[in-house]
Amino acid sequence: MYTEKVMDHFSNPRNVGDIKDADGVGEVGNAKCGDIMRIYLKVDNNDVITDVKFKTFGCGAAIATSSMVTEMVKGKKLDEALEISNQAVAEALGGLPPAKMHCSNLAADALHEAIKDYITKKGK
Amino acid sequence: MKRIYFDHSATTPVDKNVATSVLEYMTDKFGNASSIHSFGREARRAVEESREKVAALIGATPNEIFFTSGGTEGDNLAIKGVAFANRKKGNHIITSAIEHHAVLHTCDYLEKHGFQITYLPVDEYGMIRLEDLKNAVTDKTILISIMFANNEVGTIQPVKEIGAFAKERGIYFHTDAVQAAGNYPIDVKADNIDLLTMSGHKFYAPKGIGALYIRRGVRIESIQHGGAHERNLRAGTENVPGIVGLGLASEIAKNEMNNRVERISKLRDKIISEVSSNIPHTKLNGHPKLRLPGNVNFSFLYLEGESLLLNLDMKGIGASSGSACTSGSLDPSHVLLAMGLTHEVAHGSLRISLGHDNTEEEVDYFLEVLPEIIDRLRAMSPLYGESAELKPANPCSNCHVH
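Everything numeric here is computed off the predicted structure, so don't read it as measured data.

## Description of the overall build of chain A
Step number 1: On a plain count of helices and strands, chain A comes out with six helices and three strands.
Step number 2: For chain A, the succession of helices and strands along the chain, N to C, is α-β-β-β-α-α-α-α-α.
Step number 3: Since a compact globule built from 124 residues should have a radius of gyration of about 14 Å, the 13 Å found for chain A is in line with a globular shape.
Step number 4: Along the first, second and third principal axes, the C-alpha atoms of chain A reach 45 × 30 × 20 Å.
Step number 5: Within chain A, the fraction of its 124 residues that count as buried is 56%.
Step number 6: Taking the contacts inside chain A whose residues are at least 6 apart along the sequence as the reference set, 60% of them involve residues at least 24 apart.
Step number 7: For chain A, the accessible surface area stands at approximately 4,800 Å², while carbon and sulfur atoms represent 50% of it.
Step number 8: A gap of 4 Å separates the mean positions of the 16 positive and 18 negative side-chain charges of chain A.

So this is what it looks like as structure tokens:
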């Protein structure tokens, strides 16, 4: 039911973990739904994302999309990162089963929350 | 990679000898059991011999066994058939909150047709309380339908007590025994069961065959109309190969019952005890003692069931979960929620269902790989350890359901 790419990101997730002195942290979902995704960002003075980590509680799709989104944004500028949608993450994984498009495909939302958190902290 | 099957509550492999006889009745002995010629008589004889074997498995007489296509049809026939045939007597049915959907959705359907349904709650072990049952009965109650053993958590209901009470009150008692039949001893006479649903593929017969036991004298009407098959109750050409398979599987199950129950229970108890003592933050779901011999059900806190299943699958192990992702909806198992588990805990459930083909080596391998999988998923989880101190900043942004 999952594509090879989803299974690859699920079994070897990229950038798992946390960043102690993160510049921005974003979290979406709740345990009741069965999915929580948290993204940590390090951002340099030029608004470039230099490091990104995630922690996720959830199904295969939740873990794979979290991993995928971290890979997609590393080295990107914040305004580019803000353009990444949940849909784009799913497409980068070769698609998700229809049932997973709703609840488990929130990784880009978590990323956007982390960026918002960074902007708020910076007072920009 | 060696594959290990721990999902016998979903389905079982067909016994090799059963498969051989099924094939024989598809190819050489293919007759229609209703035909008058020798081909038909040969099929008819096989059907009636199977009926005897199925009856013997549950302590019934052969004329009380009606072949069906499986558990769902059996539940539909039992509940709708009794409801419509006894409508003049009353319109109230009592069932439980943890029944299979074949029972629950049949009851939903009857509610739309003027019946009233009481859904009994269950305790933390998934057991109904007899007082609740007694309090629920009205003078309009015509049927009590309570499952023999639960498919997810394995809890065995107080069937004998329910049967005795139903008999005393003159109410029909149906039990969905799809998980229990062939895997656990059943005596319909001793337990005063009026109707009992069974399904072949849960005990080493093929899919698409089952039987409904209906005690002689029970008022029931057919819900599928056509020819005069199964004594006018269940129209449709008999699935002779399936019936032959069900009969042989029943005979084997009866002969092997004690051995299998003893051996499988030992494997179950080993898993329960090792997991309980070696993996922190776990909860055994279901009754500690009164459970199906092959059923193990744990919730592992801070992780989600589907990702656990996928990880086990990568190690060659096939199991199941009550998480939303595997229930086909956005909610986790209705059984676990009815037992009082929170959504979070229900999402992290794992069901292992053992069969007689499982070995102690397989159990040991599972016990070896499980802790590292749990550790890995928990290490990734924002709910676990140090990172759990951060509180969710915002609720689920897309979830309209909860």
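Let us keep going from here.
## Considering empty space enclosed by the protein
All names here are of chain B.
Step number 1: One pass over the structure, following the stated rule, counts four cavities of 30 Å³ or more.
Step number 2: Here the largest cavity defines a volume of roughly 220 Å³.
Step number 3: Surrounding the largest cavity, 19 residues form its lining, Gln179, Asn183, Ile264, Gly294 and Leu354 being those nearest its centre.
Step number 4: With five residues, the top contributor of residues to the lining of the largest cavity is helix 8 (residues 240–278).
Step number 5: Residues lining the lining of the largest cavity come from more than one domain, with at least three contributed by each of domain 1 (4–9 + 257–393) and domain 2 (16–254).

## Re the pairing of strand 7 (residues 195–199) of chain B
Residues and elements named next belong to chain B.
Step number 1: Of all five residues making up strand 7, five are buried, and the element is well covered by its neighbours.
Step number 2: Residues of strand 7 alternate between two faces, with Leu195, Thr197 and Ser199 on one and Leu196 and Met198 on the opposite face, all of them buried.
Step number 3: With three bridges connecting them, strand 6 (residues 172–176) and strand 7 associate as parallel partners. Each bridged residue has a counterpart across the sheet, and for His174 the counterpart in strand 7 is Leu195.
Step number 4: In terms of strand pairing, strand 7 meets strand 8 (residues 210–214) through five bridges, oriented antiparallel. Residue pairing in the sheet places Thr197 in a bridge with Leu212 of strand 8.

## Digging into unusual backbone geometry
Step number 1: The phi dihedral of A:Asn15 falls on the positive side, at around 60°, and the residue is not glycine.
Step number 2: Its place among the elements puts A:Asn15 in the loop between helix 1 (4–11) and strand 1 (24–30).
Step number 3: When its relative accessible area of 17% is taken as the criterion, A:Asn15 is described as buried.
Step number 4: Phi at B:Arg231 takes a positive value of approximately 50°, unusual for a residue other than glycine.
Step number 5: Residue position: B:Arg231 is located in helix 7 (residues 229–232).

Definitions and cut-offs
Going along each chain's sequence as written, the residues are numbered from 1 onward. As a convention, the first chain written is A and the first ligand written is 1, with the rest following in written order. For this predicted model, a pLDDT threshold of at least 70 governs which residues receive local features, and a threshold of 80 or more governs which side-chain atom pairs are given and counted, while totals over whole chains, interfaces and linings are taken from all residues. Hydrogens are left out, water is left out, and the side-chain values use all remaining heavy atoms of the structure. Helical segments are the DSSP runs of H or I of at least four residues, strand segments are the runs of E of at least two, and each set is numbered from the N terminus. Two things to know: the radius of gyration comes from C-alpha atoms, and the globule rule equals 2.2 Å times the number of residues to the power 0.38. The cut-offs for exposure are 20% and 50% of the maximum accessible area for each residue type, with area from a 1.4 Å probe on protein chains only; residues under the lower value are buried, those over the upper are exposed, and the others partly exposed. Should any heavy atoms of two residues lie within 4.5 Å, those residues are considered in contact. Method for areas: the Shrake-Rupley scheme with a 1.4 Å probe, in which residue coverage is limited to the protein chains shown. The convention is simple: Lys and Arg are positive, Asp and Glu are negative, and His and the chain ends are not counted. All charge positions are set by atom: Lys at NZ, Arg at CZ, Asp at CG, Glu at CD. Detection works on a 1 Å grid of protein atoms alone, calling trapped sets that fit a 1.4 Å probe cavities and calling open sets with protein on both sides within 12 Å along at least five of seven lines pockets, with lining residues defined by an atom within 4 Å of a point. Grid points are joined across faces, edges and corners, and a volume is the space filled by probe spheres set on the points. Note that the domain bounds reflect an automated or database-derived domain assignment. At least two DSSP bridges between two strands are needed for those strands to be called paired.

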